[in-house]
Amino acid sequence: MHKHRKLIVSVGSLLAVAIIVALVIVLVVNRGATAPSATVSSPTGEVLVQKQGSTTWIQALSGMKLYEGDRLKTGGNSTTEIIFFEGSVVEVESDSEILLDEMTIAPNTGSTSIHLNQLVGHTVNRVQKLVDSASNYEVETPAGSAVVRGTAFKSYVRDDGYTIIYCNEGAVWFTAGGVTVIVNEGEWSSAMPGGTPSTPSAFHIENVAICSDVRGDRDYTIIPYAAFAPGEKAWIYFEASSLEWNASNGTYEVWYRVTDVKVDGSDGQLYMSGTNPADFHRTQLDIVPDYLWGALYIDLPPGAPSGYYKAELAFQDVISGETDSITVYFSVSSDNFG
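Residues numbered from 1 in each chain as written. Predicted model: local features only at pLDDT ≥ 70, side-chain atom pairs only at ≥ 80, totals over all residues. Heavy atoms only, no water.

1. Observations concerning the overall build of the protein
Broken down by element type, the protein carries one helix and 28 strands. Burial analysis of the protein (338 residues in total) assigns 43% to the buried set. Long-range contacts, defined as pairs at least 24 residues apart, comprise 54% of the intrachain contacts of the protein with a sequence gap of at least 6. With the model as given, the accessible surface of the protein reaches about 17000 Å², and the carbon-plus-sulfur share is 53%. (Helix = DSSP H or I, 4+ residues; strand = E, 2+ residues; numbered from the N terminus. Buried < 20%, exposed > 50% of the residue type's maximum accessible area, 1.4 Å probe, protein only. Contact = heavy atoms within 4.5 Å. Areas by Shrake-Rupley, 256 points an atom, 1.4 Å probe, with all protein chains shown as cover.)

Dropping the structure here:
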C-alpha cells in the first residue's frame, strides 16, 4: 500500500511537470503569434538580419518575420522592403542599417507605435494614415528624430550621423537638439549630431552672381557693376539647394534644369529667349549634396544696343517637380570700355 502511494505521487508530479511545459509552449507560441511584427519583402543582394539577443547576422528571406529588437542591414547594391503590421512600408536602400526599436499595439485602445533607429544609410518611409491620435511612427537617427502621422518621407543618414529629412507628402515633425521644426511637402531639413534642425526649405536657387567667366564650383569672376561691352558673354552663376535625390546602389542622383530664359532689352522689348532645357545632372554621388551649382551665359552680339537688360530664368527640380525662378539685371555699354 505504501509503495502504491509513492507511485501515485510520482505519476502526479510528472503530470504537473507536463502541464507546466505545455503551458510554457503555448505561451511562447502565443507570444510569437500575437506580438506585432514586420515582414521582409523583395530582398535583393546582401540583406542581413540579426535577431534580438543574437550576435549572428543571417541572410534575410522574403516573408521572414521581424520583431521588436531585431536589426536589418543591406550591403552594397542591395535593397529590401519591410512591411509593418499596420500597413506602413519602409524601403531600405544599399549600405543601410536599422533597428526595429519598438512595435506595439495598446491592448485597450488599439493605438500603434513604430519606432525605428536608422543608424546609417537611406530609407523611404511610406506611412499609413494614423487615425488614432495616440498612434505614431518615428525614425530616430544619430542627429534627431522624425515623427509622422501618415505621410511619405526620405531619411538620409551619413556615416558621421549628419541627417536629412525630405518630405514627399504630408508633414514631418523633425526634432534635434531639443528643437522641433515642421517639414512640409517638398521641403527638407538637416541636422548634425548635437545640433539643431536647419530651417525647412523647398527647392530654390540662391547665390546668384553676374560674372565675366565661370571656371567651376564657386570659381568665377564677378564683373564690376554687371557692365558688359557688346560682343562679350554675360555669365550667370547660380546654385540649386534643397534638391530631392534618388538613391541607387549606395550612390545618389540630383537633377535640375533651366526650363526657360527670357532677356528684355533696354527698350523693354523681348531681346532673346530660349526654351531648350539646360540640364544640371549629377549621378554616382557618394553623399547627398547641399547644393548643385550651374551657370549659363548670354551671348551679346557685337551690335547689342547699349542700356539695361533684364534676364529671367525658370528652373525645375526634375526629380521632385518643384520650380523656382530668378531675375537678374546687367548693362551693355561700349562707352565703359576703351
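Here the narrative resumes, following the displayed structure.
2. What to know about the environment of Thr323
Tracing the chain through its elements places Thr323 in strand E28 (residues 323-332). With a relative accessible area of 54%, Thr323 lands in the exposed category. For the pair Thr323 and His204, spaced 119 residues apart in the sequence, the C-alpha separation amounts to 7.5 Å. In this structure Thr323 touches Phe203, Phe315 and Gln316, once residues within four positions along its chain are discounted.

3. With respect to the pairing of strand E14 (residues 171-176)
The pairing of strand E11 (residues 145-148) with E14 spans three bridges and is classified as antiparallel. Pairing of Ser145 across the sheet is with Thr175, part of E14. Strand direction decides the pairing type here: E14 and strand E15 (residues 179-184), joined by six bridges, are antiparallel. Directly across from Thr175, in E15, lies its bridge partner Thr180. (Pairing = 2+ DSSP bridges.)

4. Focus: the sheet that holds strand E18 (residues 204-216)
The four strands lie next to each other as E19-E18-E21-E26, forming an open sheet whose pairing is antiparallel. The sheet terminates laterally at strand E19 (219-222) and strand E26 (291-299), the two strands that pair on one side only. Ignoring strand direction, the axes of neighbouring strands in this sheet form an average angle of 45°. With four bridges connecting them, E18 and E19 associate as antiparallel partners. The residue of E19 that forms the bridge with Asp213 is Thr221. (Axes fitted to C-alpha atoms, helices over the stretch in contact; angles between N-to-C directions.)

5. Observations regarding the nonpolar core
By size, the foremost hydrophobic cluster in this structure holds 38 residues, and its most contacted members are Ile236, Phe238, Tyr256, Leu313, Phe315 and Phe330. The element best represented in this core is strand E23 (residues 251-264), accounting for six residues. Ignoring sequence-local partners within four residues, the contact set of Phe330 consists of Ile210, Ala226, Phe228, Ala234, Val263, Ile298, Leu300, Gly307, Tyr308, Tyr309 and Ala311. Ranked by size, the runner-up nonpolar core spans 32 residues in total, among them Met103, Leu116, Val127 and Val181. (Core = buried A, V, L, I, M, F, W, Y, C linked by side-chain atoms within 4.5 Å.)

6. Here's the deal with the side chain of Thr74
With respect to the helices, strands and loops of the structure, Thr74 is situated in strand E5 (residues 71-74). Polar side-chain contacts of Thr74 include one of 2.6 Å to the backbone oxygen of Glu93. Of note is the side chain of Thr74, whose polar atom sits 3.2 Å from the backbone nitrogen of Asp95. Leave out the neighbours within four places in its chain, and Thr74 touches Glu46, Val47, Thr79, Thr80, Val92, Glu93, Ser94, Asp95 and Ser96. (Polar contact = N/O pair within 3.5 Å; in protein donor to acceptor, adjacent residues only side chain to side chain.)

7. Side note on the pairing of strand E6 (residues 79-84)
Only one face of E6 is buried: it carries Thr80, Ile82 and Phe84, and the other face, with Thr79, Glu81 and Ile83, is open. Relative to strand E7 (residues 89-92), E6 runs antiparallel, the two being bridged by four bridges. Paired with Glu81 across the bridge in E7 is Glu91. Where E6 folds back on E7, the antiparallel hairpin that results is connected by four residues, among which Gly87 adopts a positive phi of roughly 105°.

8. Examining the pattern of salt bridges
Once their charged atoms are close, side chains differing in charge can pair, the charge on each being opposite to the other. Following the criterion strictly, the structure yields eleven salt bridges and no others. Via salt bridges that share partners, Asp213, Arg215 and Asp219 belong to a single interconnected network. (Salt bridge = Lys/Arg side-chain N within 4 Å of Asp/Glu carboxyl O.)

9. Let's talk about the side chain of Ser241
Summarising the element assignment, Ser241 is placed in strand E21 (residues 233-241). Looking at Ser241, the relative accessible area reads 5%, which means it is buried. Residues in contact with Ser241, not counting those within four places in the same chain, are Trp188, Ala202, Phe203, His204, Glu206, Asp290 and Tyr291.

10. Brief notes about the packing of aromatic side chains
Evaluation of the coordinates by the stated rule reveals 15 aromatic pairs. Ring geometry for Tyr220 against Tyr237: centres 4.4 Å apart, planes inclined by 40°, an arrangement best described as tilted. Here Tyr220 is found in strand E19, whereas its partner Tyr237 is found in strand E21, with 17 residues between them in sequence. An aromatic cluster is present here, built from Phe203, Phe238, Tyr256, Phe280 and Phe315 joined pairwise through their rings. In this structure, Lys73 packs its charged tip against the face of Trp57, placed 4.4 Å from the ring centre. (Phe/Tyr/Trp six-rings, centres within 6.5 Å; stacked < 30°, edge-to-face > 60°. Lys NZ or Arg CZ within 6 Å of the ring centre and 35° of its normal.)

11. Points about unusual backbone geometry
Leave glycine aside and you will find that most residues have negative phi; peptide bonds, for their part, are mostly trans. For Tyr225, which is not a glycine, the phi torsion comes out positive at approximately 60°. Residue placement: Tyr225 occurs in the loop between E19 and strand E20 (227-228). Looking at Tyr225, the relative accessible area reads 81%, which means it is exposed.

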